Amino acid sequence: MTLTHPGRAHRVARRSRAVPAAVVALALCATLAACGGIGGGASADGEAQRLRLVLDWTPNTNHSGIYLAAERGWYTDAGLDVEIVEPGETSGLQLVAAGQAEVALSVAESLVPAREQGADVVSIAAVIPENTSSLISLTADGITRPADLAGRRYGTYGSALEAALIERLVACDGGDPAAVEMTPLASDDFRIGLTQDQFDVGWVFEGWDTIRLRDVDGLDVTTIPFADHTDCIPNWYTPLVATSQELVDSDPELLRAFLEATARGYEAATADPEAAADALLAAAPALDAELVRLSAAYLAPRYSSTPEQWGAQDSATWDAFVEFLVSEGLAAPGTDPDALWTDELLPDA
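These numbers come from a predicted model, not from an experiment.

Engineer: Would you mind going over the overall build of the protein in detail, with residue names and values included?
Structural biologist: Across its full length, the protein holds 13 helices and eleven strands. By residue count, 55% of the 349 residues in the protein fall in the buried class. In the protein, once contacts between residues fewer than 6 apart in sequence are set aside, the share between residues at least 24 apart is 83%. Accessible surface, the protein: about 13900 Å² in total, of which carbon and sulfur atoms supply 48%.

Engineer: Go over the pattern of salt bridges, please, and point to the residues and values.
Structural biologist: Where side chains of opposite charge bring their charged atoms close, a pairing between them can arise. Inspection of the entire model under this criterion finds 13 salt bridges. For the salt bridge of Asp173 with Arg145, the shortest nitrogen-to-oxygen distance reads 2.8 Å. Here the residue Asp173 occupies a position in the loop between helix H6 (160-172) and strand E8 (181-184), and Arg145 occupies one in the loop between strand E6 (133-138) and strand E7 (153-156), the gap between them amounting to 28 residues. For Arg214, the salt bridge identified is with Asp215, shortest N-O distance 2.9 Å. The class of Asp215 is partly exposed, set by a relative accessible area of 33%. Here the residues in one salt-bridge network are Arg153, Asp197 and Asp200, joined through shared partners.

Engineer: Please set out the pairing of E7 residue by residue, giving values where relevant.
Structural biologist: Side chains Arg153 and Gly155 project from E7 onto one buried face, and the interleaved Tyr154 and Thr156 project onto a second face that is buried too. By the bridge criterion, four bridges tie E7 to E8 in an arrangement that is parallel. From the neighbouring strand, Tyr154 faces E8, where its bridge partner is Met182. Crossover handedness for the path E7 to H6 to E8: right-handed.

Engineer: Please set out H6 residue by residue, giving values where relevant.
Structural biologist: Over its 13 residues, H6 extends 18 Å from the first C-alpha to the last, a length consistent with the 18 Å expected when each residue adds 1.5 Å. Listed in full, the buried residues belonging to H6 are Leu161, Glu162, Ala164, Leu165, Ile166, Leu169 and Val170. Measuring from the side-chain oxygen of the N-cap residue of H6 to the backbone nitrogen of Leu161 gives 3.2 Å; that N-cap residue is Ser159. Following H6 by one or two positions, Gly174 has its phi on the positive side, about 90°.

Engineer: So what's going on with the nonpolar core? Which residues, and what values?
Structural biologist: Leu53, Tyr75, Val241, Phe258, Leu259 and Trp310 are the most contacted members of the largest nonpolar core, which has 52 residues in total. Residue contributions to this core peak at ten residues, all from helix H10 (residues 252-271). Ignoring any residue separated from it by four or fewer positions in sequence, one finds Phe258 in contact with Leu51, Leu53, Tyr75, Leu80, Val82, Val103 and Val241.

Cut-offs and rules
Residues numbered from 1 in each chain as written. Predicted model: local features only at pLDDT ≥ 70, side-chain atom pairs only at ≥ 80, totals over all residues. Heavy atoms only, no water. Helix = DSSP H or I, 4+ residues; strand = E, 2+ residues; numbered from the N terminus. Buried < 20%, exposed > 50% of the residue type's maximum accessible area, 1.4 Å probe, protein only. Contact = heavy atoms within 4.5 Å. Areas by Shrake-Rupley, 256 points an atom, 1.4 Å probe, with all protein chains shown as cover. Salt bridge = Lys/Arg side-chain N within 4 Å of Asp/Glu carboxyl O. Pairing = 2+ DSSP bridges. Right-handed = clockwise from strand over helix to strand, strands pointing away. Expected span 1.5 Å × (residues − 1). Polar contact = N/O pair within 3.5 Å; in protein donor to acceptor, adjacent residues only side chain to side chain. Core = buried A, V, L, I, M, F, W, Y, C linked by side-chain atoms within 4.5 Å.

Right under this line is the structure:
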């Protein structure tokens, strides 16, 4: 069972059909200028160690710290030759589990079922500690709280996780979840879906989709952030950094060097969102520059709970998320949350 956020999963799949099945590599490593040494990732003979990083989606501001670390040479300084790879037909977790990549960006709702299916994958850092998902609607429709979804059309990708979350949100707020009309999405273009009255509300990410619709496209929209309703639904890590337990055991110094440089990148993105936007646009110039800069500014204070400590995960967050999945029949009873993650490789560990 795949629990990945339906919007992300659909958009990755849709993009994959538009490019060759082979993944697209963005070489951002050995030729970059040095900015001061930070660690010990080099092999015994002094050669840079190769590390393949598979993104969870096409380049966006969730990845800004990675691109900034690459641009400033911090991976090179750490003795690493980091290859950033866009997702293709095969997920990053599958590539990590198969030994074809060392690290992948993923999401908690994909990592849990991957482990249940035998993939020995583990989360080693949270890119953003608080889920930035929201429900979005046109302000004129008056949908301001979950209970307002009763009697409305929710644009759905047909995900089991999606249905469980909507039901829990509406019921917890005193509404009737059975009165929510689950309308299959014709596309993931929420601007068209909302303005052409295909549906009333959909699931988006505040730091990207909402900014695109509200601030770039100029739509008058209202959102219901998931983070405002953690009394009803759990927080969870989306995205996160995953690797294999085998690599954690066999080469923890490689992963420590990678995370130290990556943390430095996200700390720099927090302090200087303009620089983060510039680094991302240099690597992916086809992106909308206005959207990237606004999104970078939105995410800057959200990359970590404190500016000096990027990547930290919390046992309570994992416990609550797994409990939710089990209660909804989306994870096996007895799933051990503690086996899903570790903070031991982070710089401050």
